[in-house]
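Analysis of the macromolecular model
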4 protein chains.
Amino acid sequence: MTDRGQESAGIVTSNGASPPTYTTLKGMGLVNSAFQPEDLLKLRHGNLGIGHTRYSTTGISELQNCQPFVVDTLHGKIAVAHNGELVNAASLRKKVMRHGVGLSTSSDSELITQLLALTPPMEEKDTPDWVARIKNLMSETPTSYSLLVMYTDVIYAVRDPYGNRPLSIGRLVPISKLHTAGAGDGDTEGWVVSSESCSFQSIGARYYREVEPGEIVQISKHGVKTLSVVPRPEGDLPAFCIFEYVYFARPDSIFEGKMVYSVRQRCGRQLAVEAPTDADVVSTVPESATPAALGYAQQAGLPYVEVLCKNRYVGRTFIQPNTRLRQLGVAKKFGALTDNFAGKRVVLIDDSIVRGNTISPIIKLLKEAGATEVHIRVASPPIRFPCYMGINIPTKEELIANKPEFQDIAGYIGASSVRYLSVEGLVAAVQGGILTEKDQRIDSNRKPSWRVGHCTACLTGKYPVELEW
Amino acid sequence: MTDRGQESAGIVTSNGASPPTYTTLKGMGLVNSAFQPEDLLKLRHGNLGIGHTRYSTTGISELQNCQPFVVDTLHGKIAVAHNGELVNAASLRKKVMRHGVGLSTSSDSELITQLLALTPPMEEKDTPDWVARIKNLMSETPTSYSLLVMYTDVIYAVRDPYGNRPLSIGRLVPISKLHTAGAGDGDTEGWVVSSESCSFQSIGARYYREVEPGEIVQISKHGVKTLSVVPRPEGDLPAFCIFEYVYFARPDSIFEGKMVYSVRQRCGRQLAVEAPTDADVVSTVPESATPAALGYAQQAGLPYVEVLCKNRYVGRTFIQPNTRLRQLGVAKKFGALTDNFAGKRVVLIDDSIVRGNTISPIIKLLKEAGATEVHIRVASPPIRFPCYMGINIPTKEELIANKPEFQDIAGYIGASSVRYLSVEGLVAAVQGGILTEKDQRIDSNRKPSWRVGHCTACLTGKYPVELEW
Amino acid sequence: MTDRGQESAGIVTSNGASPPTYTTLKGMGLVNSAFQPEDLLKLRHGNLGIGHTRYSTTGISELQNCQPFVVDTLHGKIAVAHNGELVNAASLRKKVMRHGVGLSTSSDSELITQLLALTPPMEEKDTPDWVARIKNLMSETPTSYSLLVMYTDVIYAVRDPYGNRPLSIGRLVPISKLHTAGAGDGDTEGWVVSSESCSFQSIGARYYREVEPGEIVQISKHGVKTLSVVPRPEGDLPAFCIFEYVYFARPDSIFEGKMVYSVRQRCGRQLAVEAPTDADVVSTVPESATPAALGYAQQAGLPYVEVLCKNRYVGRTFIQPNTRLRQLGVAKKFGALTDNFAGKRVVLIDDSIVRGNTISPIIKLLKEAGATEVHIRVASPPIRFPCYMGINIPTKEELIANKPEFQDIAGYIGASSVRYLSVEGLVAAVQGGILTEKDQRIDSNRKPSWRVGHCTACLTGKYPVELEW
Amino acid sequence: MTDRGQESAGIVTSNGASPPTYTTLKGMGLVNSAFQPEDLLKLRHGNLGIGHTRYSTTGISELQNCQPFVVDTLHGKIAVAHNGELVNAASLRKKVMRHGVGLSTSSDSELITQLLALTPPMEEKDTPDWVARIKNLMSETPTSYSLLVMYTDVIYAVRDPYGNRPLSIGRLVPISKLHTAGAGDGDTEGWVVSSESCSFQSIGARYYREVEPGEIVQISKHGVKTLSVVPRPEGDLPAFCIFEYVYFARPDSIFEGKMVYSVRQRCGRQLAVEAPTDADVVSTVPESATPAALGYAQQAGLPYVEVLCKNRYVGRTFIQPNTRLRQLGVAKKFGALTDNFAGKRVVLIDDSIVRGNTISPIIKLLKEAGATEVHIRVASPPIRFPCYMGINIPTKEELIANKPEFQDIAGYIGASSVRYLSVEGLVAAVQGGILTEKDQRIDSNRKPSWRVGHCTACLTGKYPVELEW
């Protein structure tokens, strides 16, 4: 489970015994810096566990908000990791506090944990019915959450009925069956759950399937088992976050049977159809817009070239001691590959324009280095509305599409022209996913068993459920 | 408020507004390393606050257990700092969990916080009666706790009815009235509460008085006010921890009207009466046994000399890479001041012998450097029983007084003789405190307004309340 | 000046006064981590300075070897930064030691500094003739060195007569004339010297020209002035390191009038001519082989696709706590973009194969993800010989081209076929550089004024000068 | 060898082979923080080595100046550690630079190393006569230096003819013969050399003897051997730094047969004779003045009490974020032990008053806490002159004895009276050392074999040699 964040990271493992021993690691920053190798050794004796990397949406950035949350209940300890943001968090907080519970953080994850603990009956002799408690929780809040709940020797993987946040299951393959690995005896078999399927390959697991919207999956030593699929209100489609395709997910992840890279490439093609350009070369703002740029070039029949190379060593966090360097700004992060575009008309593909302060100096850089025209084509529609379901989008006021300058955006950023992909074009590119015929092995896993639908609230203002203010 | 620990430190300040903004800082280690100066600046806008330095008794050592605990309740946020250990923590945990509260740490402080939050009534429109909630908490648990509870613009300082853990009030003096300070405009007035009065001088405050056993004191911009004094069961005396005098507190702190240094000096005198020695010089294991050694020397009419100097730079945490250095052990932490004792019979005063592995090499060092006899006199009775009220004493098995070797402790540690202070002698030394006649300024503050009594459980096994197993 | 290394970094500035004050900063690691912003402020009062980032070739990795070297001489302090490796370092060390000088490091830079200090005459009243001393140094050692020597208010930039190591001059442009920069008053003008011209853009400078092989350039407030051009032995061509083009330099740098990116692209084209493949798609091992892959695809008329995406967060330094993860090896650094190649024959371009332990798991990864064939095309000839002139190439024994496995390299690494670029092909690609006609501004600067020639010793074993053993 | 500093630390070991391998460790800060345990393991293969901890006198504080200095000479590598400051360093620097040597640091130690390397003859085939080179060095500079020179498998320990800086030899005792050590096989025998004998005990060595002024001692696997004793100019006495006794050395060190603690105690007695006081109690500014205070109390027949306890946790480096705390200043570093002195007249012994800004707030603190009079007695004469021989004394202007306020120092610092020990009194206390009769074991080692004499330049302005300006 992961928010795919860089703010903090946490892992809790269970040894599966009765009563279980849980081992918890938490730290600030990326996983690599949050944990020391000697810390990780402490986790060795667990054979199941859940982890989380936090990317702050609500809640102040501090270790206290770091997930997974572990609480001791009348029936023993549970650990909970959560990706998403509850649309009715405020009224749920009131509810648990009215019951006399003090909440020590502002995070939805603690709230979820206390809601699970709170559910009656509360007699020690009773067996805890965690599935009933999870269903009860799901009846209290419609979206958005993908959850992992660990109890003793079982992990429950849960996706909200709207399927707003992703959640995939992978299967750990014994090393001996992986051609990519060296010889060895690390022959673990097992199951893994992750927000993004791209993480499976890194640990020698293979994509198995997605958790279905509303599904409660039980993972234990007996394997993977669907316990329930909680329905949506009649007539509602799922509302998987379309921004995952556009920007957030890694290109090698698979959602709804489609590889993100391919969706982005189709966005580029669609953009070439919607917004053709009279130009000499097509290029990309490295690296996230590259699939769309290749798609655009292919569809438009124009050569694809590289115009910028990244200056690896200019860190984002380097405090500029010098006015001159500060003024140079973004230009110093990229080198111009002059020979590829000097004297030419360039179509430059970007994946989105959020605040506009990155693309403008890049355009100037290209013009200074000899580009005769620089046309910006954006492989997504303009973002106009805030997200209340877990994506940290700037406020409405900060979004460039809501500023007066947007009326003449080309003039504002110094481009020869600017065009965006339409919302319809994006949805078409997302849904047009067909499988490569020859990819037999993963074919059957990839077809979604449910009717897909997407949340485009940040683009259209149409939220999948009514918001609580 | 402080556990006087080095494990972790926390501070929460409130701006006193309605609703208040609380600012929280927490970090591992000593205050100096736990906080950065830039962090402390964040606290500037508060005009009241509570802090805590943790010394682990129960609860695993981690940031999560770091106090103060802040929770959001139906009536707003409260912050709680706690020193002590609840004797009936286990049954209280069961109680709150039965109500459906998940506990995220093993600390008593979270437990206390949730108990305060839990107390009915639970309607949002109600005014929260925190004093009633504190009294309710006090009716649930007899000891041991000194508490600070902050709510918006008030701090409640609470000491359990047995007064087991210390708690003192000091008054911040304007800089202009302090001769010890440089000129300046830092003219803050106000009140401070601390486990030990020694901390007052460091911040320019003066000792005001102790919180009485069972007392609930309200501190606000209107000053210090006693709200209630919760009584003990009839016939029970207070049970202030006698180990604070012997070992734990700083010598310049004042408890029950007595300066700790003077109590220790009297322990030395009493020891000279109980266990006289035919010797040439009296000395100390630096630095904590020095007052007792000076008292012994004075009472015995023997010269006081220094026999050891500390090697400041041999850190406790230095990992020895070398067998030889490891074998040299404690000897390398001290230099022998040979000229002061070579050829002489030495009485060496120590404040306590917990495990015996420090005193033994010191005796050998002195003998190797020329002492003809080394008599150990311990200025406290042997510790034989565990503490369940907040002092981290080794297990019964580890305590040297419970080992077979204790029968011939002199032989075991290589001393010419070993004698301990009696329990009666210790109690007499503690209670025999009289004020220096000429010290007029602080006289009236110092006299305790209650009949004193002490917990000697670690020495006698007689616990002040029945323990819950 | 830079070794372009990540091992250590140093900067020395001079205030240009008489006598001058030099300020020195040195630290381990990348520039960003080696220096703190507050350190950099110390350098503000200098108006000239030299810096160095070290990449270890000879000399143990430690701060002591960190350049620039500053020494106090009879005539004041000089600071020296050096890129390269003296082919006759051993006999030069003997020479200075025979004169009675102790050498405190194993670095060539200290050796150069002491050689400059040593040159007679040695009377304090004399004016130091640094140019004569530099010429004297150049008469003692043929190659390889690019040098910066700072004395009071002058910097001498020197390139050895073979021009083995690069050295370029750039001109700082006032901010007001840079379209890429924000408005501001950072209107510094001046000159900068760097191993690679790519660094100029980052600081708002423009490429001016290269230092010619054998040239001594003086840089002062009076501008840039050629003082001398020391000739090579008759008949010898320059011997600029061809490996800079293949691998070492950043693609946006310019050497001998050619942009490195374009040279690499031509290598790809040349490779398509020399080693055509019957395949479906062309791709790259990201990111350094991308220009060659695009060139290959273009020349071969095959579609260029991406097959791998980098897993940004798998750091090189992460210590693997787990056998399984260690066995997964390089596979976890890349995600497979399955849809782009499943069921297809892939030509994968790499820039060089040094040890062979990276490419092999990548091939397996692609095959496992569905590639039917994976043909490796290497855009440079096999490396067979060690470099004694400043490039840290593995020992002869470690180079894959010298191992028995090289006879069946395709089988060894699991490829469908493997082909390398020929040495002749590489030289042709390097020399075939023509300027883009439309790039008028920088045209005249780019044409080299000397007859070019290249060192291909690592490929052919033909060293430009006789080596001293 | 040690400067006994906290600024930086270095160690060089030799494996003693031919040619030897030297291993070097250097780091900033105290030994504990400068080196990591894993670093120290690198040193294991050496069986001889020299180390140094730097305390800055001349030379900027940076790693480059960190000793020992290792240089490669025509005859192999030597390593040099140096304590002291050459009085004619400036003209010696000129001399080596005139020979063509560049000096990379401002430290005397590099200068000494280059002087040793420089000495002719310089033919590789010659055997290096290091003793002749050391004698040659000693003919060039009279003082002050204690030196360790390591070459292959020999260490030369050298003390300048005036014996200004201390240097002692100790003998490593097998663990099995040390009662203070646990059982073990760390049975190293060998020799150690140190500035202060106090360090011997920490590593299980015993004091053997001092290096005599002018002596060159050879230490090798064959033992300790005097090679030469270089004489002083006729009529000159040795000039051992008297400040070592007063302030600098650890109390358990032995110089000229006298334990430093005993000298300080005699200073206190002498002070009681010279400056008697009508008072009730005698006390100390902890901890360095304690021996003098005990001596004063004994001689004066007054009770010795403690009046201050140190606040361990107020670090020197804690940056005060708050005006109030900054104004509180030194008062927060000490707790007042009120009961011991309230209503009494206190004689407070300090070891020296350098700038006066520590003692003044302490006096105010005592008065505020109830002392009726506070008389300051300083156990050394006022410091009036700078030291040019290795002790970092403030400039003449900064020394309180040279300020106008010194005329009424008692008024200035707020004391009831102030008296200093006389220079004659100090010299008498230093020279009056007699051995404790019963201490038979170390008796013979302690008697100095030379006529002693002391440098009192900082007190009298009489320097042992003419200074070079």
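Residues numbered from 1 in each chain as written. Chains lettered and ligands numbered in written order. Predicted model: local features only at pLDDT ≥ 70, side-chain atom pairs only at ≥ 80, totals over all residues.

When chain D is fitted to chain C, the residual RMSD is 0.0 Å, and the transformation amounts to a turn of 180° plus an axial shift of 0.0 Å. Expressed as a symmetry operation, the mapping of one chain copy onto the other fits a two-fold axis. Looking at the rotation axis and the C-alpha trace of chain D, the residue lying nearest is Val101(D), at 3.0 Å. When you check the interface residues of chain D against chain C, 100% turn up at the interface there too, and the contact is symmetric in its surfaces. (Least-squares fit on C-alpha atoms with pLDDT ≥ 70 in both. Contact = placed C-beta atoms within 7 Å.)

With that settled, the discussion passes to the UniProt feature "binding site: Mg(2+)" (unreviewed entry) in chain A. All names here are of chain A. The positions UniProt marks with the feature "binding site: Mg(2+)" (unreviewed entry) are Ser288, Asp350 and Asp351. Their sequence span is 64 residues, while the largest C-alpha to C-alpha distance among them is just 7.9 Å; these annotated residues converge on one region. Positionally, serine 288 belongs in the loop between β16 (281–284) and α9 (290–300). For serine 288, a count of 17 C-beta atoms within 10 Å gives the class partly exposed. (UniProt positions renumbered as here; feature names shortened; annotations may be inferred. Helix = DSSP H or I, 4+ residues; strand = E, 2+ residues; numbered from the N terminus. Buried ≥ 20, exposed ≤ 12 C-beta atoms within 10 Å, placed from the backbone.)

Residues and elements named next belong to chain D. Strand order across the open sheet formed by 4 strands is β16-β19-β20-β21, with parallel pairing between neighbours. In this open sheet, the two edge strands, each paired with only one partner strand, are β16 (281–284) and β21 (417–420). Pairwise comparison of adjacent strand axes, ignoring direction, gives a mean angle of 25° for this sheet. Relative to β21, strand β20 (residues 373–378) runs parallel, the two being bridged by 4 bridges. Each bridged residue has a counterpart across the sheet, and for isoleucine 376 the counterpart in β21 is valine 418. Helix-sheet contacts for helix α9 (residues 290–300) involve β16, β19 (345–350) and β20, and the interaxial angle to β16 is about 165°. On the sheet, helix α11 (residues 359–368) packs against β19 and β20 and is oriented at approximately 150° with respect to β20. (Pairing = 2+ DSSP bridges. Axes fitted to C-alpha atoms, helices over the stretch in contact; angles between N-to-C directions.)

This part takes up the packing of helix α3 (residues 89–98) of chain D against helix α4 (residues 108–118) of chain D. Residues and elements named next belong to chain D. Relative to each other, α3 and α4 sit at 45°, their axes nearing to 10 Å. Judged by the inter-axis angle, α3 sits oblique to α4. Here α3 runs over α4; the crossing is left-handed. Contacts from Ala89, Leu92, Arg93 and Val96 in α3 reach Asp108, Leu111, Gln114, Leu115 and Leu118 in α4. Broken down by class, the residue content of the contact of α3 with α4 amounts to 6 nonpolar, 1 polar and 2 charged. (Parallel < 35°, antiparallel > 145°, perpendicular 65-115°, else oblique. Left-handed = near helix turned anticlockwise from the far one by under 90°. Nonpolar A, V, L, I, M, F, W, Y, C, P; charged D, E, K, R; others polar.)

This paragraph deals with helix α4 (residues 108–118) of chain C. Residues and elements named next belong to chain C. Burial analysis of α4 places 11 of its 11 residues in the buried class, the great majority of the element. Every buried residue of α4 is accounted for by Asp108, Ser109, Glu110, Leu111, Ile112, Thr113, Gln114, Leu115, Leu116, Ala117 and Leu118. Elements in contact with the buried residues of α4: β4 (69–73), β5 (76–84), α3 (89–98), α5 (130–140) and β6 (145–151).

Looking now at the nonpolar core. If you look at the biggest cluster of nonpolar residues, it comprises 498 residues, and the most contacted ones within it are Val149(A), Val149(B), Val149(C) and Val149(D). Val149(A) has contacts with Ile78(A), Val80(A), Leu116(A), Trp130(A), Ile134(A), Tyr156(A) and Val158(A), leaving out every residue within four places of it along the chain. (Core = buried A, V, L, I, M, F, W, Y, C linked by C-beta atoms within 7 Å.)

A separate point is the environment of Met138(B). Residue and element names in this part refer to chain B. Tracing the chain through its elements places methionine 138 in helix α5 (residues 130–140). Since 20 C-beta atoms lie within 10 Å of it, methionine 138 is described here as buried. Taking the C-alpha atoms as reference points, methionine 138 and aspartate 160, separated by 22 residues in sequence, lie 7.3 Å from one another.

Facing the 21 residues of chain D at the interface are 21 residues of chain C. Mapped by element, the contributors of at least two residues to the side of chain D that touches chain C are β4 (69–73), α3 and α4 of chain D. Here the side of chain D that touches chain C takes 5 residues from β4(D), the largest share from any one element.

Now for the pairing of strand β8 (residues 168–172) of chain B. All names here are of chain B. Bridge count between β8 and strand β9 (residues 190–194): 5 bridges; the pairing is antiparallel. Each bridged residue has a counterpart across the sheet, and for leucine 172 the counterpart in β9 is glycine 190. As paired strands, β8 and strand β10 (residues 205–210) are joined by 5 bridges and run antiparallel to one another. Residue pairing across strands places glycine 170 opposite tyrosine 207, the latter belonging to β10.

So, about the sheet that holds strand β6 (residues 145–151) of chain A. Residues and elements named next belong to chain A. A sheet is described by the order of its strands in space; here 6 strands give the open sequence β4-β5-β6-β7-β11-β12, paired in antiparallel fashion. The open sheet has two edge strands, β4 (69–73) and β12 (223–229), and neither has a second partner. Averaged over neighbouring strand pairs, the angle between their axes works out to 20° when direction is ignored. As judged from the 6 bridges shared by strand β11 (residues 215–220) and β12, these two strands associate in the antiparallel manner. Bridge assignment links serine 220 to a residue of β12, and that residue is glycine 223. Sitting on the sheet, helix α4 (residues 108–118) touches β4, β5 (76–84) and β6, and the angle it makes with β5 is about 140°.

This part takes up helix α13 (residues 423–431) of chain C. Residue and element names in this part refer to chain C. All buried positions along α13 are accounted for by Gly425, Leu426, Ala429 and Val430. Buried residues of α13 fall within an arc of 135° about the axis and therefore sit on the same side. The secondary structure elements touched by the buried residues of α13 are α7 (243–248), α8 (260–274) and β22 (454–455). (Arc of directions from axis to C-beta.)

We now examine the packing of helix α8 (residues 260–274) of chain B against helix α9 (residues 290–300) of chain B. Each pair of packed helices gets described by two things: the angle between the helix axes and the distance between those axes. All names here are of chain B. Running from N to C, α8 and α9 cross one another at 45°; their axes reach a closest spacing of 7 Å. Looking at the two axes, α8 sits oblique to α9. Note that α8 runs across α9; the crossing there is right-handed. Residues Tyr261, Arg264, Gln265, Arg266, Cys267, Gly268, Arg269, Leu271, Ala272 and Val273 of α8 pack against Pro291, Ala292, Ala293, Leu294, Gly295, Tyr296, Gln298, Gln299 and Ala300 of α9. Residue composition of the contact of α8 with α9, grouped by class: 11 nonpolar, 5 polar and 3 charged.

Next up on the list: the environment of Thr23(A). Residues and elements named next belong to chain A. Topologically, threonine 23 is positioned in strand β2 (residues 22–28). For threonine 23, a count of 16 C-beta atoms within 10 Å puts it in the partly exposed group. The spatial distance from the C-alpha of threonine 23 to the C-alpha of threonine 13 is 5.2 Å, given a sequence separation of 10 residues.

Residues and elements named next belong to chain A. Across chain A, pLDDT averages 83, with 80% of residues at or above 70. Per-residue pLDDT stays below 50 along residues 57–61; that stretch engages in 14 contacts with residues further than four places along the chain or on separate chains. For the stretch residues 314–321, pLDDT sits under 50, and the model shows 11 contacts to residues farther than four places along the chain or on other chains. As a predicted assembly, this complex carries a pTM of 0.82 together with an ipTM value of 0.86. (pLDDT = per-residue confidence, 0-100.)

This next bit is on unusual backbone geometry. Residues and elements named next belong to chain B. Omega for the peptide link from proline 286 to glutamate 287 comes to 0°, which places this bond in the cis form. Mapped onto the secondary structure, glutamate 287 falls in the loop between β16 (281–284) and α9. The backbone of threonine 152 shows a phi angle near 55°, a positive value even though the residue is not glycine. As for its placement among the helices and strands, threonine 152 is situated in the loop between β6 (145–151) and β7 (154–159).

As a further point, take the environment of Glu468(B). Residues and elements named next belong to chain B. Along the chain, the position of glutamate 468 falls in the segment after α15 (457–460). With 379 residues separating them along the chain, glutamate 468 and alanine 89 place their C-alpha atoms 8.7 Å apart. Those residues in contact with glutamate 468, other than ones at most four positions away along the chain, are Val87, Asn88, Ala90 and Ser91.

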